[in-house]
Amino acid sequence: MSKLVVVSNRVGVPTKKSGVAAGGLAVALNDVLADRGGLWFGWSGKIGAPQADATLVEHGKITYALCDLSSEDFGEYYNGFANRTLWPLLHYRLDLTEFARRDLAGYRRVNSYFADLLIKHIDPDDLIWIHDYHLIPLAEALRARGINNRIGYFQHIPWPSPDIFLALPNHVEIGHALTACDLVGFQTERDAVNFGRYLVEELGAFARKDHVFSVAGRELRTGVYPVGIDRLGFAKMAKRASRSRFVTEVAESLNGRPMLMGVDRLDYSKGLTQRLDAFERMLEKAPEWRGHVTFLQITPRSRGDIPEYAAMQRALGETAGRVNGRYGEANWTPIRYVNRSHTRLELAGLYRVAKVGVVTPLRDGMNLVAKEYVAAQDPEDPGVLVISRFAGAASVLDGALVVNPYDMDGTANALSQALAMPLEERQQRWQSMWDRLETTDIADWAPHFLNALEHVSHRRRVPW
(Lines give C-alpha, C1' and ligand atoms only; values in the text may rest on other atoms or scores of the structure.)
Protein backbone atom coordinates (compact mmCIF):
# COMPACT_ATOMS: atom_id res chain seq x y z
CA MET A 1 0.00 0.00 0.00
CA SER A 2 1.43 3.38 -1.02
CA LYS A 3 2.32 5.93 1.62
CA LEU A 4 -0.21 8.69 2.28
CA VAL A 5 0.93 12.31 2.39
CA VAL A 6 -1.62 14.62 4.04
CA VAL A 7 -1.14 18.38 3.73
CA SER A 8 -3.13 20.90 5.75
CA ASN A 9 -2.63 24.46 6.87
CA ARG A 10 -2.17 23.44 10.52
CA VAL A 11 -0.90 20.18 11.91
CA GLY A 12 -1.82 18.94 15.37
CA VAL A 13 0.94 16.70 16.70
CA PRO A 14 -0.31 14.28 19.40
CA THR A 15 1.25 14.58 22.82
CA LYS A 16 1.48 12.09 25.68
CA LYS A 17 -0.74 14.37 27.75
CA SER A 18 -3.50 15.27 25.30
CA GLY A 19 -3.22 12.61 22.60
CA VAL A 20 -4.72 13.28 19.17
CA ALA A 21 -6.38 16.68 18.75
CA ALA A 22 -10.09 16.70 19.57
CA GLY A 23 -12.54 16.53 16.69
CA GLY A 24 -13.63 13.81 14.32
CA LEU A 25 -11.59 15.08 11.37
CA ALA A 26 -8.25 15.03 13.19
CA VAL A 27 -9.06 11.56 14.53
CA ALA A 28 -10.05 10.29 11.08
CA LEU A 29 -6.87 11.55 9.41
CA ASN A 30 -4.69 10.19 12.20
CA ASP A 31 -6.42 6.83 11.98
CA VAL A 32 -5.93 6.44 8.24
CA LEU A 33 -2.30 7.59 8.47
CA ALA A 34 -1.61 5.23 11.36
CA ASP A 35 -3.16 2.36 9.39
CA ARG A 36 -1.18 2.76 6.17
CA GLY A 37 1.77 4.83 7.35
CA GLY A 38 2.44 8.30 6.10
CA LEU A 39 3.38 11.91 6.50
CA TRP A 40 1.30 14.87 7.71
CA PHE A 41 2.75 18.16 6.53
CA GLY A 42 1.78 21.72 7.45
CA TRP A 43 2.35 24.88 9.44
CA SER A 44 3.47 24.43 13.04
CA GLY A 45 1.40 27.42 14.19
CA LYS A 46 4.61 29.24 15.13
CA ILE A 47 6.02 32.49 13.77
CA GLY A 48 9.71 32.23 12.92
CA ALA A 49 12.26 32.32 10.15
CA PRO A 50 11.60 30.32 6.95
CA GLN A 51 13.20 26.89 7.06
CA ALA A 52 15.34 24.98 4.60
CA ASP A 53 13.85 21.70 5.83
CA ALA A 54 10.69 20.75 7.69
CA THR A 55 10.97 19.72 11.34
CA LEU A 56 10.09 16.04 11.62
CA VAL A 57 8.31 14.45 14.58
CA GLU A 58 7.81 10.67 14.59
CA HIS A 59 4.72 9.23 16.24
CA GLY A 60 4.19 5.53 15.54
CA LYS A 61 3.80 5.03 11.78
CA ILE A 62 3.12 8.74 11.24
CA THR A 63 5.73 11.39 10.53
CA TYR A 64 4.61 14.94 11.24
CA ALA A 65 6.50 17.48 9.10
CA LEU A 66 6.22 21.02 10.47
CA CYS A 67 7.39 24.40 9.25
CA ASP A 68 7.19 27.91 10.68
CA LEU A 69 5.91 31.04 8.93
CA SER A 70 7.44 34.49 9.04
CA SER A 71 5.30 37.32 10.39
CA GLU A 72 5.06 38.69 6.83
CA ASP A 73 3.91 35.31 5.48
CA PHE A 74 1.37 34.96 8.30
CA GLY A 75 -0.04 38.39 7.58
CA GLU A 76 -0.28 38.03 3.80
CA TYR A 77 -1.00 34.32 3.35
CA TYR A 78 -3.12 33.50 6.39
CA ASN A 79 -4.72 36.68 7.73
CA GLY A 80 -4.65 38.27 4.29
CA PHE A 81 -5.59 36.27 1.22
CA ALA A 82 -6.87 33.12 2.95
CA ASN A 83 -9.05 34.76 5.59
CA ARG A 84 -9.87 38.23 4.26
CA THR A 85 -10.27 37.29 0.61
CA LEU A 86 -11.06 33.61 0.09
CA TRP A 87 -12.98 32.91 3.30
CA PRO A 88 -15.65 35.61 2.82
CA LEU A 89 -15.82 35.08 -0.95
CA LEU A 90 -16.34 31.32 -0.63
CA HIS A 91 -19.06 32.01 1.97
CA TYR A 92 -20.88 34.35 -0.45
CA ARG A 93 -19.91 37.51 1.50
CA LEU A 94 -18.74 39.78 -1.30
CA ASP A 95 -19.40 42.78 0.94
CA LEU A 96 -16.60 41.62 3.25
CA THR A 97 -14.17 40.36 0.60
CA GLU A 98 -10.94 42.34 0.38
CA PHE A 99 -8.35 41.97 -2.31
CA ALA A 100 -4.73 43.11 -2.15
CA ARG A 101 -2.17 41.98 -4.71
CA ARG A 102 0.44 41.86 -1.96
CA ASP A 103 -1.68 39.29 -0.10
CA LEU A 104 -2.11 37.21 -3.26
CA ALA A 105 1.68 37.29 -3.76
CA GLY A 106 2.12 36.12 -0.15
CA TYR A 107 -0.44 33.35 -0.66
CA ARG A 108 1.44 32.07 -3.72
CA ARG A 109 4.79 32.47 -1.96
CA VAL A 110 3.79 30.37 1.04
CA ASN A 111 2.33 27.63 -1.13
CA SER A 112 5.61 27.57 -3.10
CA TYR A 113 7.53 27.44 0.20
CA PHE A 114 5.41 24.48 1.32
CA ALA A 115 6.02 22.75 -2.03
CA ASP A 116 9.80 23.24 -1.74
CA LEU A 117 9.85 21.58 1.68
CA LEU A 118 7.34 18.87 0.84
CA ILE A 119 8.95 17.47 -2.32
CA LYS A 120 11.90 16.25 -0.24
CA HIS A 121 9.57 13.76 1.44
CA ILE A 122 7.52 12.49 -1.52
CA ASP A 123 8.21 9.09 -3.09
CA PRO A 124 7.01 8.32 -6.64
CA ASP A 125 4.05 6.11 -5.60
CA ASP A 126 2.80 8.26 -2.67
CA LEU A 127 -0.79 9.47 -2.58
CA ILE A 128 -0.98 13.19 -1.82
CA TRP A 129 -4.08 14.60 -0.13
CA ILE A 130 -4.34 18.39 0.21
CA HIS A 131 -6.90 20.01 2.51
CA ASP A 132 -8.82 23.25 2.13
CA TYR A 133 -8.72 26.74 0.75
CA HIS A 134 -5.39 27.80 2.25
CA LEU A 135 -3.65 25.41 -0.14
CA ILE A 136 -5.49 25.74 -3.46
CA PRO A 137 -2.24 26.48 -5.43
CA LEU A 138 -0.20 23.71 -3.80
CA ALA A 139 -0.91 20.94 -6.32
CA GLU A 140 0.09 23.25 -9.17
CA ALA A 141 3.29 24.17 -7.33
CA LEU A 142 4.10 20.48 -6.84
CA ARG A 143 3.47 19.72 -10.53
CA ALA A 144 5.82 22.56 -11.50
CA ARG A 145 8.50 20.80 -9.45
CA GLY A 146 8.08 17.54 -11.33
CA ILE A 147 5.68 15.72 -9.02
CA ASN A 148 3.43 13.42 -11.07
CA ASN A 149 1.86 11.52 -8.18
CA ARG A 150 -1.87 11.20 -7.76
CA ILE A 151 -3.02 14.34 -5.96
CA GLY A 152 -6.39 14.82 -4.29
CA TYR A 153 -7.82 18.00 -2.81
CA PHE A 154 -10.75 18.36 -0.39
CA GLN A 155 -12.69 21.60 0.04
CA HIS A 156 -13.99 21.72 3.60
CA ILE A 157 -15.93 24.97 3.15
CA PRO A 158 -18.47 25.92 0.44
CA TRP A 159 -17.60 26.49 -3.20
CA PRO A 160 -19.76 29.33 -4.53
CA SER A 161 -21.67 29.68 -7.78
CA PRO A 162 -19.60 30.91 -10.74
CA ASP A 163 -21.04 34.43 -10.64
CA ILE A 164 -19.77 34.83 -7.06
CA PHE A 165 -16.35 33.35 -7.80
CA LEU A 166 -15.96 35.62 -10.84
CA ALA A 167 -15.88 38.61 -8.49
CA LEU A 168 -12.41 37.50 -7.40
CA PRO A 169 -9.69 39.32 -9.34
CA ASN A 170 -7.30 36.71 -10.76
CA HIS A 171 -10.03 34.09 -10.34
CA VAL A 172 -8.65 32.13 -13.30
CA GLU A 173 -5.29 31.79 -11.56
CA ILE A 174 -6.94 30.39 -8.43
CA GLY A 175 -9.55 28.24 -10.17
CA HIS A 176 -7.09 26.82 -12.69
CA ALA A 177 -4.70 25.80 -9.90
CA LEU A 178 -7.11 23.04 -8.84
CA THR A 179 -6.96 21.46 -12.29
CA ALA A 180 -3.50 20.22 -11.30
CA CYS A 181 -5.30 17.73 -9.04
CA ASP A 182 -6.63 14.35 -10.09
CA LEU A 183 -9.60 14.43 -7.71
CA VAL A 184 -11.31 17.42 -6.08
CA GLY A 185 -13.80 16.58 -3.33
CA PHE A 186 -16.63 18.66 -1.87
CA GLN A 187 -19.05 18.47 1.04
CA THR A 188 -22.25 18.76 -1.00
CA GLU A 189 -23.55 18.16 -4.50
CA ARG A 190 -24.27 21.88 -4.82
CA ASP A 191 -20.59 22.72 -4.24
CA ALA A 192 -19.44 20.13 -6.79
CA VAL A 193 -21.92 21.43 -9.38
CA ASN A 194 -20.78 25.02 -8.80
CA PHE A 195 -17.14 24.06 -9.37
CA GLY A 196 -18.02 21.99 -12.45
CA ARG A 197 -19.90 24.91 -13.95
CA TYR A 198 -16.88 27.14 -13.40
CA LEU A 199 -14.60 24.62 -15.12
CA VAL A 200 -16.82 24.48 -18.19
CA GLU A 201 -17.92 28.10 -18.43
CA GLU A 202 -14.64 29.84 -17.56
CA LEU A 203 -11.79 27.38 -18.11
CA GLY A 204 -13.10 25.69 -21.25
CA ALA A 205 -13.27 22.23 -19.70
CA PHE A 206 -15.24 19.47 -21.40
CA ALA A 207 -17.70 17.59 -19.17
CA ARG A 208 -17.29 13.97 -20.30
CA LYS A 209 -19.80 12.57 -17.79
CA ASP A 210 -20.98 13.27 -14.26
CA HIS A 211 -18.08 14.63 -12.21
CA VAL A 212 -15.46 13.91 -14.90
CA PHE A 213 -13.89 16.75 -16.89
CA SER A 214 -11.19 17.04 -19.54
CA VAL A 215 -8.99 20.09 -18.95
CA ALA A 216 -5.93 20.77 -21.15
CA GLY A 217 -5.55 17.08 -22.01
CA ARG A 218 -5.85 15.88 -18.42
CA GLU A 219 -8.73 14.19 -16.66
CA LEU A 220 -10.08 15.85 -13.53
CA ARG A 221 -12.62 14.12 -11.36
CA THR A 222 -14.81 15.76 -8.75
CA GLY A 223 -16.83 14.04 -6.07
CA VAL A 224 -19.06 14.55 -3.05
CA TYR A 225 -17.67 13.25 0.25
CA PRO A 226 -19.65 14.70 3.17
CA VAL A 227 -17.69 14.72 6.42
CA GLY A 228 -19.42 12.91 9.26
CA ILE A 229 -18.91 11.98 12.90
CA ASP A 230 -18.51 8.82 14.96
CA ARG A 231 -22.19 8.66 15.86
CA LEU A 232 -21.95 5.71 18.26
CA GLY A 233 -18.88 7.07 20.02
CA PHE A 234 -20.37 10.53 20.38
CA ALA A 235 -23.68 9.12 21.65
CA LYS A 236 -21.83 7.21 24.39
CA MET A 237 -19.81 10.31 25.27
CA ALA A 238 -22.94 12.46 25.54
CA LYS A 239 -24.75 9.95 27.75
CA ARG A 240 -21.76 9.76 30.06
CA ALA A 241 -21.20 13.53 30.08
CA SER A 242 -24.84 14.27 30.89
CA ARG A 243 -24.23 12.77 34.34
CA SER A 244 -21.17 14.96 35.02
CA ARG A 245 -21.23 17.57 37.75
CA PHE A 246 -20.89 20.42 35.26
CA VAL A 247 -23.81 19.38 33.05
CA THR A 248 -25.96 18.48 36.06
CA GLU A 249 -25.41 21.96 37.52
CA VAL A 250 -26.35 23.60 34.22
CA ALA A 251 -29.51 21.47 33.97
CA GLU A 252 -30.51 22.30 37.55
CA SER A 253 -29.94 26.02 36.95
CA LEU A 254 -32.63 25.95 34.26
CA ASN A 255 -35.29 25.30 36.91
CA GLY A 256 -37.22 23.05 34.56
CA ARG A 257 -37.13 25.45 31.63
CA PRO A 258 -36.37 23.91 28.21
CA MET A 259 -33.06 25.07 26.75
CA LEU A 260 -32.26 26.04 23.19
CA MET A 261 -28.56 25.82 22.36
CA GLY A 262 -26.18 27.09 19.72
CA VAL A 263 -22.44 26.41 19.54
CA ASP A 264 -20.43 28.28 16.94
CA ARG A 265 -17.00 29.74 16.43
CA LEU A 266 -17.20 33.53 16.23
CA ASP A 267 -17.57 34.11 12.50
CA TYR A 268 -19.86 36.15 10.26
CA SER A 269 -20.77 33.02 8.29
CA LYS A 270 -22.59 31.60 11.33
CA GLY A 271 -25.54 34.03 11.34
CA LEU A 272 -25.23 34.66 15.07
CA THR A 273 -26.89 38.05 15.40
CA GLN A 274 -29.67 36.91 13.04
CA ARG A 275 -30.19 33.88 15.31
CA LEU A 276 -30.57 35.96 18.45
CA ASP A 277 -32.82 38.39 16.58
CA ALA A 278 -35.04 35.43 15.65
CA PHE A 279 -35.17 34.30 19.29
CA GLU A 280 -36.18 37.82 20.26
CA ARG A 281 -38.89 37.74 17.60
CA MET A 282 -40.14 34.43 19.03
CA LEU A 283 -40.50 35.99 22.48
CA GLU A 284 -42.32 38.91 20.89
CA LYS A 285 -44.75 36.76 18.85
CA ALA A 286 -45.18 33.94 21.39
CA PRO A 287 -45.34 35.59 24.82
CA GLU A 288 -46.19 32.25 26.44
CA TRP A 289 -42.49 31.39 26.24
CA ARG A 290 -41.37 34.46 28.20
CA GLY A 291 -39.90 33.37 31.49
CA HIS A 292 -40.18 29.73 30.45
CA VAL A 293 -37.27 29.07 28.08
CA THR A 294 -33.51 29.75 28.03
CA PHE A 295 -31.20 30.19 25.05
CA LEU A 296 -27.57 29.16 25.62
CA GLN A 297 -25.21 30.49 22.96
CA ILE A 298 -21.58 29.37 23.24
CA THR A 299 -19.29 31.34 20.94
CA PRO A 300 -15.54 31.10 21.56
CA ARG A 301 -13.45 33.95 20.24
CA SER A 302 -11.55 33.45 16.99
CA ARG A 303 -9.23 35.50 14.79
CA GLY A 304 -9.17 38.29 17.36
CA ASP A 305 -6.48 40.14 15.43
CA ILE A 306 -8.85 40.72 12.49
CA PRO A 307 -10.94 43.92 13.07
CA GLU A 308 -14.14 42.48 11.59
CA TYR A 309 -14.18 39.72 14.19
CA ALA A 310 -13.69 42.11 17.11
CA ALA A 311 -16.60 44.20 15.78
CA MET A 312 -18.71 41.05 15.42
CA GLN A 313 -18.04 40.08 19.02
CA ARG A 314 -19.20 43.50 20.22
CA ALA A 315 -22.34 43.31 18.06
CA LEU A 316 -23.23 39.86 19.36
CA GLY A 317 -22.78 40.95 22.97
CA GLU A 318 -24.91 44.03 22.34
CA THR A 319 -27.67 41.91 20.76
CA ALA A 320 -27.75 39.51 23.72
CA GLY A 321 -27.77 42.46 26.10
CA ARG A 322 -30.65 44.11 24.26
CA VAL A 323 -32.81 40.97 24.37
CA ASN A 324 -32.02 40.37 28.04
CA GLY A 325 -32.74 43.99 28.86
CA ARG A 326 -36.04 43.92 27.02
CA TYR A 327 -37.43 40.62 28.28
CA GLY A 328 -35.31 39.55 31.25
CA GLU A 329 -36.62 39.43 34.78
CA ALA A 330 -34.94 39.30 38.17
CA ASN A 331 -35.29 35.51 38.22
CA TRP A 332 -34.84 34.83 34.49
CA THR A 333 -32.24 35.67 31.86
CA PRO A 334 -33.48 34.83 28.34
CA ILE A 335 -30.02 34.48 26.72
CA ARG A 336 -26.92 33.03 28.31
CA TYR A 337 -24.08 34.21 26.08
CA VAL A 338 -20.77 32.45 26.77
CA ASN A 339 -17.67 33.76 25.02
CA ARG A 340 -15.19 31.00 25.84
CA SER A 341 -14.45 27.44 24.83
CA HIS A 342 -15.78 24.26 26.42
CA THR A 343 -14.38 20.78 26.05
CA ARG A 344 -15.94 18.40 23.56
CA LEU A 345 -17.08 16.25 26.50
CA GLU A 346 -18.85 19.19 28.15
CA LEU A 347 -20.53 20.17 24.89
CA ALA A 348 -21.71 16.61 24.31
CA GLY A 349 -23.44 16.62 27.68
CA LEU A 350 -25.02 20.03 27.07
CA TYR A 351 -26.32 18.89 23.67
CA ARG A 352 -28.13 16.03 25.40
CA VAL A 353 -29.75 18.45 27.85
CA ALA A 354 -30.81 20.96 25.17
CA LYS A 355 -34.38 20.53 23.95
CA VAL A 356 -33.60 22.44 20.74
CA GLY A 357 -30.33 22.55 18.84
CA VAL A 358 -30.04 25.73 16.76
CA VAL A 359 -27.64 25.55 13.81
CA THR A 360 -28.47 28.45 11.50
CA PRO A 361 -25.38 29.59 9.55
CA LEU A 362 -25.72 31.93 6.62
CA ARG A 363 -23.47 29.50 4.74
CA ASP A 364 -21.54 26.44 5.92
CA GLY A 365 -19.61 23.63 4.28
CA MET A 366 -21.06 20.87 6.45
CA ASN A 367 -21.40 21.86 10.14
CA LEU A 368 -20.63 18.91 12.38
CA VAL A 369 -22.31 20.56 15.39
CA ALA A 370 -25.65 19.64 13.81
CA LYS A 371 -24.63 15.99 13.52
CA GLU A 372 -23.19 15.94 17.03
CA TYR A 373 -26.41 17.38 18.44
CA VAL A 374 -28.44 14.58 16.84
CA ALA A 375 -26.04 11.89 18.03
CA ALA A 376 -26.11 13.24 21.58
CA GLN A 377 -29.89 12.92 22.04
CA ASP A 378 -31.71 10.52 24.33
CA PRO A 379 -33.68 8.27 21.93
CA GLU A 380 -36.54 8.08 24.44
CA ASP A 381 -36.86 11.86 24.74
CA PRO A 382 -34.91 13.50 21.90
CA GLY A 383 -34.58 17.18 21.22
CA VAL A 384 -35.34 18.94 17.93
CA LEU A 385 -32.77 20.27 15.47
CA VAL A 386 -33.42 23.60 13.76
CA ILE A 387 -30.99 23.98 10.85
CA SER A 388 -30.27 26.49 8.11
CA ARG A 389 -30.95 25.38 4.57
CA PHE A 390 -27.50 26.78 3.76
CA ALA A 391 -25.66 24.33 6.03
CA GLY A 392 -24.29 21.28 4.23
CA ALA A 393 -25.68 19.01 6.94
CA ALA A 394 -29.24 20.03 6.01
CA SER A 395 -29.05 17.72 2.98
CA VAL A 396 -28.41 14.75 5.28
CA LEU A 397 -30.48 15.51 8.39
CA ASP A 398 -33.94 15.12 6.92
CA GLY A 399 -35.74 15.16 10.28
CA ALA A 400 -34.66 18.69 11.18
CA LEU A 401 -36.77 21.83 10.89
CA VAL A 402 -35.10 23.62 7.98
CA VAL A 403 -35.12 27.42 8.01
CA ASN A 404 -33.91 30.36 5.98
CA PRO A 405 -31.67 32.28 8.46
CA TYR A 406 -32.42 35.54 6.63
CA ASP A 407 -36.14 35.06 7.41
CA MET A 408 -36.47 36.20 11.01
CA ASP A 409 -40.17 35.41 11.33
CA GLY A 410 -39.78 31.98 9.74
CA THR A 411 -36.91 31.08 12.07
CA ALA A 412 -38.84 32.38 15.08
CA ASN A 413 -41.81 30.20 14.12
CA ALA A 414 -39.53 27.16 13.78
CA LEU A 415 -38.06 27.74 17.25
CA SER A 416 -41.53 27.90 18.73
CA GLN A 417 -42.60 24.80 16.79
CA ALA A 418 -39.55 22.90 18.04
CA LEU A 419 -40.27 23.78 21.66
CA ALA A 420 -43.88 22.65 21.37
CA MET A 421 -43.30 19.51 19.29
CA PRO A 422 -44.94 16.37 20.74
CA LEU A 423 -42.82 13.43 21.82
CA GLU A 424 -43.89 11.01 19.09
CA GLU A 425 -42.97 13.44 16.30
CA ARG A 426 -39.66 14.23 17.97
CA GLN A 427 -38.83 10.52 18.14
CA GLN A 428 -39.73 9.94 14.49
CA ARG A 429 -37.67 12.89 13.31
CA TRP A 430 -34.70 11.90 15.45
CA GLN A 431 -34.76 8.25 14.29
CA SER A 432 -34.65 9.33 10.66
CA MET A 433 -31.63 11.57 11.29
CA TRP A 434 -29.88 8.95 13.40
CA ASP A 435 -30.18 6.46 10.56
CA ARG A 436 -28.85 9.00 8.05
CA LEU A 437 -25.79 9.66 10.23
CA GLU A 438 -24.67 6.10 9.57
CA THR A 439 -24.30 6.88 5.85
CA THR A 440 -21.67 9.57 6.55
CA ASP A 441 -19.74 7.98 9.39
CA ILE A 442 -16.34 9.61 9.79
CA ALA A 443 -14.62 6.21 9.76
CA ASP A 444 -15.67 5.76 6.13
CA TRP A 445 -14.94 9.29 4.92
CA ALA A 446 -11.18 9.13 4.35
CA PRO A 447 -11.20 5.56 2.89
CA HIS A 448 -14.00 6.59 0.51
CA PHE A 449 -12.03 9.57 -0.81
CA LEU A 450 -8.71 7.72 -1.00
CA ASN A 451 -10.25 4.75 -2.78
CA ALA A 452 -11.52 7.11 -5.49
CA LEU A 453 -8.10 8.79 -5.72
CA GLU A 454 -6.28 5.46 -6.03
CA HIS A 455 -8.52 4.45 -8.92
CA VAL A 456 -7.80 7.53 -11.04
CA SER A 457 -7.00 6.19 -14.50
CA HIS A 458 -3.30 6.15 -15.43
CA ARG A 459 -4.25 6.50 -19.11
CA ARG A 460 -5.72 9.93 -18.52
CA ARG A 461 -2.98 11.16 -16.21
CA VAL A 462 -0.58 12.89 -18.58
CA PRO A 463 2.42 14.78 -17.14
CA TRP A 464 1.63 18.32 -16.02
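To keep things clear, this report deals only with the structure shown in the data block. (Residues numbered from 1 in each chain as written. Predicted model: local features only at pLDDT ≥ 70, side-chain atom pairs only at ≥ 80, totals over all residues. Heavy atoms only, no water.)

Looking now at helix H10 (residues 272-285). Its 14 residues place the ends of H10 20 Å apart at the C-alpha level, agreeing with the 20 Å of an ideal helix rising 1.5 Å per residue. Those residues of H10 lying buried are Leu 272, Arg 275, Leu 276, Asp 277, Ala 278, Phe 279, Glu 280, Met 282 and Leu 283. Those residues of H10 that are buried lie in contact with strand S11 (259-263), strand S12 (294-298), helix H11 (307-327), strand S13 (335-338), strand S14 (356-359) and helix H14 (408-420). (Helix = DSSP H or I, 4+ residues; strand = E, 2+ residues; numbered from the N terminus. Expected span 1.5 Å × (residues − 1). Buried < 20%, exposed > 50% of the residue type's maximum accessible area, 1.4 Å probe, protein only. Contact = heavy atoms within 4.5 Å.)

With that settled, consider the pairing of S12. Most of S12 sits out of view: 5 of its 5 residues are buried. Neither face of S12 is open: one carries Thr 294, Leu 296 and Ile 298, the other Phe 295 and Gln 297, and all of them are buried. Here S11 runs beside S12; their pairing, made up of 5 bridges, is parallel. Paired with Leu 260 across the strands is Phe 295, a residue of S12. (Pairing = 2+ DSSP bridges.)

The subject of this paragraph is the side chain of Asp 364. In this structure, Asp 364 sits in the loop between S14 and helix H13 (368-376). Separated by 3.1 Å, the side chains of Asp 364 and Lys 270 make a polar contact. A distance of 2.7 Å separates a polar atom in the side chain of Asp 364 from a polar atom in the side chain of Asn 367. Setting aside residues up to four positions removed in sequence, Asp 364 forms contacts with Pro 158, Lys 270, Phe 390, Ala 391 and Gly 392. (Polar contact = N/O pair within 3.5 Å; in protein donor to acceptor, adjacent residues only side chain to side chain.)

Turning our attention to the packing of aromatic side chains. Taken as a whole and assessed by the stated rule, the structure comprises 27 aromatic pairs. Seen from their ring centres, Trp 43 and Phe 74 are 5.6 Å apart, and the 45° between their planes marks the pair as tilted. Remark: Phe 74 occurs in helix H2 (residues 71-90) and Trp 43 occurs in strand S2 (residues 38-47); sequence separation between them is 31 residues. No difference in accessibility class separates Trp 43 from Phe 74, as the two residues are buried. Considering the side-chain rings of Tyr 225 and Phe 449, the 5.1 Å spacing of their centres and the 70° angle between planes classify their relative orientation as edge-to-face. On the criterion of sequence distance, the pair formed by Tyr 225 in the loop between strand S10 (218-224) and helix H8 (231-241) and Phe 449 in helix H16 (residues 442-454) is long-range, its members being 224 residues apart. Both residues of the pair, Tyr 225 and Phe 449, count as buried. Ring-pair connections join several aromatic residues into one group, and the members of that group are Phe 41, Tyr 77, Phe 81, Phe 99, Tyr 107, Tyr 113 and Phe 114. Taking the ring centre of Trp 43 as reference, the NZ or CZ of Arg 10 above it sits at 5.2 Å. For the cation-ring pair, Arg 363 lies above Tyr 92, with the distance from its terminal atom to the ring centre recorded as 3.7 Å. (Phe/Tyr/Trp six-rings, centres within 6.5 Å; stacked < 30°, edge-to-face > 60°. Lys NZ or Arg CZ within 6 Å of the ring centre and 35° of its normal.)

One finds Phe 41, Phe 114, Ile 136 and Phe 279 to be the most contacted residues of the largest nonpolar core, which totals 92 residues. For this core, the element with the highest residue contribution is H2, accounting for 9 residues. Each residue touching Phe 41, except ones within four places of it in the same chain, is listed here: Val 6, Val 7, Ser 8, Val 11, Ala 54, Ala 65, Cys 67, Phe 114, Leu 117 and Leu 118. Of all hydrophobic cores here, the second largest spans 39 residues; its members include Tyr 373, Ala 375, Leu 385 and Trp 434. (Core = buried A, V, L, I, M, F, W, Y, C linked by side-chain atoms within 4.5 Å.)

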